[in-house]
Amino acid sequence: MTQRESSRTAYVQLIEVLERYTQIYRGLIQTAEEKRQLLVRSQDHELRELAARENEWLAEFSQCEKLRKQAAVKLQETVGQKVDEEASLSDLQLILENEEQANQLRMIQQQLQQLAKQLHDLNERNQALLQQSMVLIHDLRDSLVGRPAESEYVYENPKAASTGIKRQSGIDFRT
């Protein structure tokens, strides 16, 4: 196999891995959107099932990362570059002699960045929903059984000065 053919093969392997990343991100985004709906509806059983599915996506993501590193190393070797397992997609674009390949790699990189940002934003919204749910649960419990003394939450050294920090309620139940 010639150097050009080896380089082409390594490039194709890298593109295939990156396309798989795209599929994984889309799956994680779909999972995050479903999670938001389940959080809003407080469907705990379905949330556990969804978390299991999300863990499968994340395991596949880890495997994909190993394959990406292998493809990047192979590509670097075939073009005679010093091998760097941690080479970014931007670094790999610079070593490609074929401008069309570099452009395709750049487009996939941009697509992955957009998908990663979308997933990040969805996960932040879901995190905020979870925090709001926890505040609501604590406040509802406190309204039903009364607010426990702070000492029931945290150990306080009786000889130490009080910090004065108290848990804030998220809802004002006074009428």
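See the structure above.
Just so you know, these numbers come straight off a predicted model, no measurement behind them.

Caption draft 1: Local environment of helix H4 (residues 99–145). Helix length check: H4, at 47 residues, gives a terminal C-alpha distance of 69 Å against a target of 69 Å (1.5 Å per residue), a fit within 8%. Where H4 is concerned, the buried positions are Gln101, Ala102, Leu105, Ile108, Gln109, Leu112, Leu115, Leu119, Leu122, Asn126, Asp139 and Asp142. Next to the buried residues of H4 lie helix H1 (3–41) and helix H3 (89–95). Among the residues of H4, the N-terminal cap falls to asparagine 98, whose side-chain oxygen and the backbone nitrogen of glutamate 100 are separated by 2.8 Å. Following H4 by one or two positions, glycine 146 adopts a phi angle in the positive range, close to 90°.

Caption draft 2: Quick look at the packing of aromatic side chains. What the rule picks out here adds up to 2 aromatic pairs. Judged by centre distance (5.0 Å) and plane angle (65°), the rings of tyrosine 21 and phenylalanine 61 are edge-to-face. Taken together, the residues tyrosine 21 in helix H1 and phenylalanine 61 in helix H2 (residues 44–78) connect sequence positions 40 residues apart. Residue class for tyrosine 21 comes out buried when judged on its relative accessible area of 4%. Relative accessible area serves as the criterion here: at 24%, phenylalanine 61 is assigned to the partly exposed category.

Caption draft 3: Molecular detail of the packing of H1 against H4. Interhelical geometry of H1 versus H4 gives an angle of 20° and a closest axis separation of 9 Å. Put simply, H1 runs roughly parallel to H4. Crossing of H1 against H4: the hand is left-handed. Residues of the contact of H1 with H4, tallied by class, amount to 20 nonpolar, 7 polar and 5 charged.

Caption draft 4: Region of the structure containing the side chain of asparagine 126. Tracing the backbone shows asparagine 126 in helix H4. Overall, asparagine 126 belongs to the buried group, its relative accessible area being 3%. Once residues within four sequence positions are removed from consideration, asparagine 126 is found in contact with Ala32, Lys35, Arg36 and Leu39.

The rules behind these values
- Residues numbered from 1 in each chain as written.
- Predicted model: local features only at pLDDT ≥ 70, side-chain atom pairs only at ≥ 80, totals over all residues.
- Heavy atoms only, no water.
- Helix = DSSP H or I, 4+ residues; strand = E, 2+ residues; numbered from the N terminus.
- Expected span 1.5 Å × (residues − 1).
- Buried < 20%, exposed > 50% of the residue type's maximum accessible area, 1.4 Å probe, protein only.
- Contact = heavy atoms within 4.5 Å.
- Polar contact = N/O pair within 3.5 Å; in protein donor to acceptor, adjacent residues only side chain to side chain.
- Phe/Tyr/Trp six-rings, centres within 6.5 Å; stacked < 30°, edge-to-face > 60°.
- Axes fitted to C-alpha atoms, helices over the stretch in contact; angles between N-to-C directions.
- Parallel < 35°, antiparallel > 145°, perpendicular 65-115°, else oblique.
- Left-handed = near helix turned anticlockwise from the far one by under 90°.
- Nonpolar A, V, L, I, M, F, W, Y, C, P; charged D, E, K, R; others polar.

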